[in-house]
Amino acid sequence: MRKTLSLLAPAALVVASATATLAQDFERAAGEGLRIIGAPEQGGIYWQPAATELARDIHWLDDMILVIITAITLFVIALLGIVAVRYSRKRNPTPAMFTHNTPVEVTWTVVPILILIVIGSFSLPILFEQQEIPEADVTVKATGFQWYWGYEYPDHDFAFDSYMIGSPATGGENRMSPEVLAQLQEAGYTKDEFQLATDTSMVVPVGKTIVVQVTAADVIHSWTVPAFGVKQDGIPGRLAELWFEAEAEGIYFGQCSELCGIAHAFMPITVKVVSEEAYALWLDAAIEEYGGTPRDAATAEAAAGAAPVAVAAVD
Ligand SMILES: [Cu+2]
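Asker: Break down the sheet that holds strand 2 (residues 138-145) for me, with residues and values.
Answerer: The mixed open sheet is built from five strands, whose spatial order is 4-3-2-6-9. For this open sheet the edge positions go to strand 4 (158-162) and strand 9 (240-244), each flanked by a neighbour on one side alone. For this sheet, the mean angle separating the axes of adjacent strands, direction not counted, is 25 degrees. Here strand 6 (residues 210-216) pairs with strand 9 via five bridges, running antiparallel. The partner of Val-211 across the bridge, within strand 9, is Trp-243.

Put into structure tokens, the structure is as follows:
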């Protein structure tokens, strides 16, 4: 059995490389040497490293609120302890019979209000920062399907699907197998990235404002990349938006975050953040592969409409 498997693996490799598309080749070349940054860690308990200002702000807010709720929890536990010990039947056989204490009641109403105002004054600006969508350098439309994501680059009129490596669409059964491992390795991943890595990924340039329009074609899905601090439900018939500006080149993963059906766990999200040059090369290959509008034409169109130019020209 083992012999058969080891024979199969190289065969799968050959098949996989023979079927890799031009865009995939460029995507892999662009992704070569990229670090995997946005991924869960074995035994990890904190956030994934923040790759955007949004994510940093969210982490800061979380830490700040954690301090407040820890203080409140300790305070309430201490009060309970005091009541349980000092006013037990044994120590306090004849309890006081009063029912109201105005100063105490005013305090326990006003103090929580003040705490909420303090929290709100920090959380609302962060919410607005997420929800006020800036002008995009690159726009990508992400559509959730049962069970994969489709990406469209509307500035260049092309679209492609992104399947989990090992899903039925890539010849797998949503399970690890020697063939799936071979496909993962051929795409530059390891066994650890199973259920995170996809056959094609969303490619965006580093340091640019990316606006992702999120929708779905069948049921509600949710597009998220934790390291970017973004999450947005994709709802059929609606177009929601999120934005991010990734600060470091790398590979970032996310997973559909709305329970959407039997293969919900098998529709991960892979985003490759690459240099502008690598992005331009990939874009040209993707336009050719998926039948998009060449960048010169798109740029001319954009210039004519006085719209912002989506990408820098390359030599
Ligand atoms: Cu889903």
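After that view of the structure, there is still more to cover.
Asker: Please give an account of the environment of Phe-158 that cites residues and values.
Answerer: Residue placement: Phe-158 occurs in strand 4. Residue Phe-158 is classed as partly exposed on the basis of its C-beta count, with 19 C-beta atoms lying within 10 Å. Measuring from C-alpha to C-alpha, the distance between Phe-158 and Gly-291 comes to 6.1 Å, with 133 residues separating the pair along the chain. Apart from residues lying up to four places away in sequence, Phe-158 is in contact with Tyr-153, Ala-286, Ile-287, Tyr-290, Gly-291 and Gly-292.

Asker: A description of the pairing of strand 10 (residues 250-255) should follow, citing residues and the corresponding values.
Answerer: Summarising burial for strand 10: five of the six residues are buried, a large majority. When strand 1 (residues 36-38) meets strand 10, the two strands line up parallel, connected through two bridges. Following the sheet pairing, Ile-36 is matched in strand 10 by Ile-251. Where strand 10 lies against strand 11 (residues 268-274), six bridges are found, and the strand directions are antiparallel. Residue pairing in the sheet places Phe-253 in a bridge with Thr-270 of strand 11.

Asker: I'd love a proper account of helix 2 (residues 22-31), names of residues and values included.
Answerer: For helix 2, every residue scored as buried is listed here: Ala-23, Gln-24, Phe-26, Glu-27, Ala-30 and Gly-31. The buried residues of helix 2 occupy an angular sector of 165 degrees when projected down its axis, which confines them to one face. Taken together, the buried residues of helix 2 touch strand 5 (202-205), strand 10, strand 11 and helix 6 (276-290). Directly beyond the C-terminal end of helix 2, a positive phi value near 80 degrees is found at Gly-33.

Asker: Describe the sheet that holds strand 5, with residues and values.
Answerer: Here we have four strands laid out as an open sheet, ordered 1-10-11-5, and mixed in their pairing. Strands with a single pairing partner mark the edges of an open sheet, and in this sheet they are strand 1 and strand 5. This sheet shows a mean twist of 30 degrees between the axes of neighbouring strands, independent of strand direction. Relative to strand 11, strand 5 runs parallel, the two being bridged by four bridges. When the bridges of strand 11 are listed, Val-204 appears paired with Val-273. Relative to strand 11, helix 2 is tilted by about 65 degrees, and along the sheet it contacts strand 5, strand 10 and strand 11.

What counts, and at which threshold
- Residues numbered from 1 in each chain as written.
- Predicted model: local features only at pLDDT ≥ 70, side-chain atom pairs only at ≥ 80, totals over all residues.
- Pairing = 2+ DSSP bridges.
- Helix = DSSP H or I, 4+ residues; strand = E, 2+ residues; numbered from the N terminus.
- Axes fitted to C-alpha atoms, helices over the stretch in contact; angles between N-to-C directions.
- Buried ≥ 20, exposed ≤ 12 C-beta atoms within 10 Å, placed from the backbone.
- Contact = placed C-beta atoms within 7 Å.
- Arc of directions from axis to C-beta.

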